[in-house]
Amino acid sequence: MPKYICDTDKVREDGKDLVNCAEREAEVLNTLSKNGKEKLSSDNWTGDAKDSFAVTYEKVGNYACENAYHLQNLGLYLQFVADTIDETEEMLAKKDF
């Protein structure tokens, strides 16, 4: 069947790649966050500077994890769109113009 709209296999593949990339990013960020918290709690660093750094470290980590979550959702959406385009193309192919 001809592709009327786009190469949906490529769109689906790119969506899967994006999901995989986001999952790897989230895994690395979680490891980094865990290691950073362990390091902060194990060092003899005390005072306002440590507290300020800890708060900023957590904010940056949360922001990065949110981005990974959004990338994962974008990848899933791309896969959904590819499926929907395939369904639309199948309907168009059945029409007698």
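Residues numbered from 1 in each chain as written. Predicted model: local features only at pLDDT ≥ 70, side-chain atom pairs only at ≥ 80, totals over all residues. Heavy atoms only, no water.

> Before we go on, may I ask you to explain helix 1 (residues 8-42) in this structure?
Each α-helix winds once per 3.6 residues, and so residues spaced three or four apart point in a common direction. Taking 1.5 Å of rise per residue, the 35 residues of helix 1 would be expected to cover 51 Å, and the 51 Å separating its terminal C-alpha atoms lies within 8% of that figure. All buried positions along helix 1 are accounted for by T8, R12, G15, V19, A22, L29, G36 and L40. Summarising the contacts, the buried residues of helix 1 are in contact with helix 2 (48-94). (Helix = DSSP H or I, 4+ residues; strand = E, 2+ residues; numbered from the N terminus. Expected span 1.5 Å × (residues − 1). Buried < 20%, exposed > 50% of the residue type's maximum accessible area, 1.4 Å probe, protein only. Contact = heavy atoms within 4.5 Å.)

> Help me out: how do you make sense of the pattern of salt bridges in this one?
Side chains that carry opposite charge are capable of pairing whenever their charged atoms lie near each other. Inspection of every chain in the model, using the stated rule, returns four salt bridges. R12 is the partner of D9 in a salt bridge, and the nearest nitrogen-oxygen pair spans 3.3 Å. Of this pair, D9 and R12 both sit in helix 1, three residues apart, which is roughly one turn of the helix. A relative accessible area of 47% means that D9 is categorised as partly exposed. Here R12 ties to D83 by a salt bridge, and the two come within 3.0 Å at their closest N and O atoms. Separated by 71 residues along the polypeptide, R12 in helix 1 and D83 in helix 2 bring together distant segments of the chain. Looking at R12, the relative accessible area reads 16%, which means it is buried. (Salt bridge = Lys/Arg side-chain N within 4 Å of Asp/Glu carboxyl O.)

> I keep staring at the environment of L74 and nothing clicks. Help me out?
Looking at where L74 falls in the secondary structure, it is placed in helix 2. For the pair L74 and G15, spaced 59 residues apart in the sequence, the C-alpha separation amounts to 7.4 Å.

> Explain the packing of helix 1 against helix 2 to me, please; I cannot follow it from the model alone.
At their nearest, the axes of helix 1 and helix 2 sit 8 Å apart, and the two run at 165° to each other. The angle between the axes of helix 1 and helix 2 places the two elements in the roughly antiparallel class. Both helix 1 and helix 2 take part in a crossing whose hand is left-handed. Residues that form the contact of helix 1 with helix 2 fall into these classes: 20 nonpolar, nine polar and eight charged. (Axes fitted to C-alpha atoms, helices over the stretch in contact; angles between N-to-C directions. Parallel < 35°, antiparallel > 145°, perpendicular 65-115°, else oblique. Left-handed = near helix turned anticlockwise from the far one by under 90°. Nonpolar A, V, L, I, M, F, W, Y, C, P; charged D, E, K, R; others polar.)

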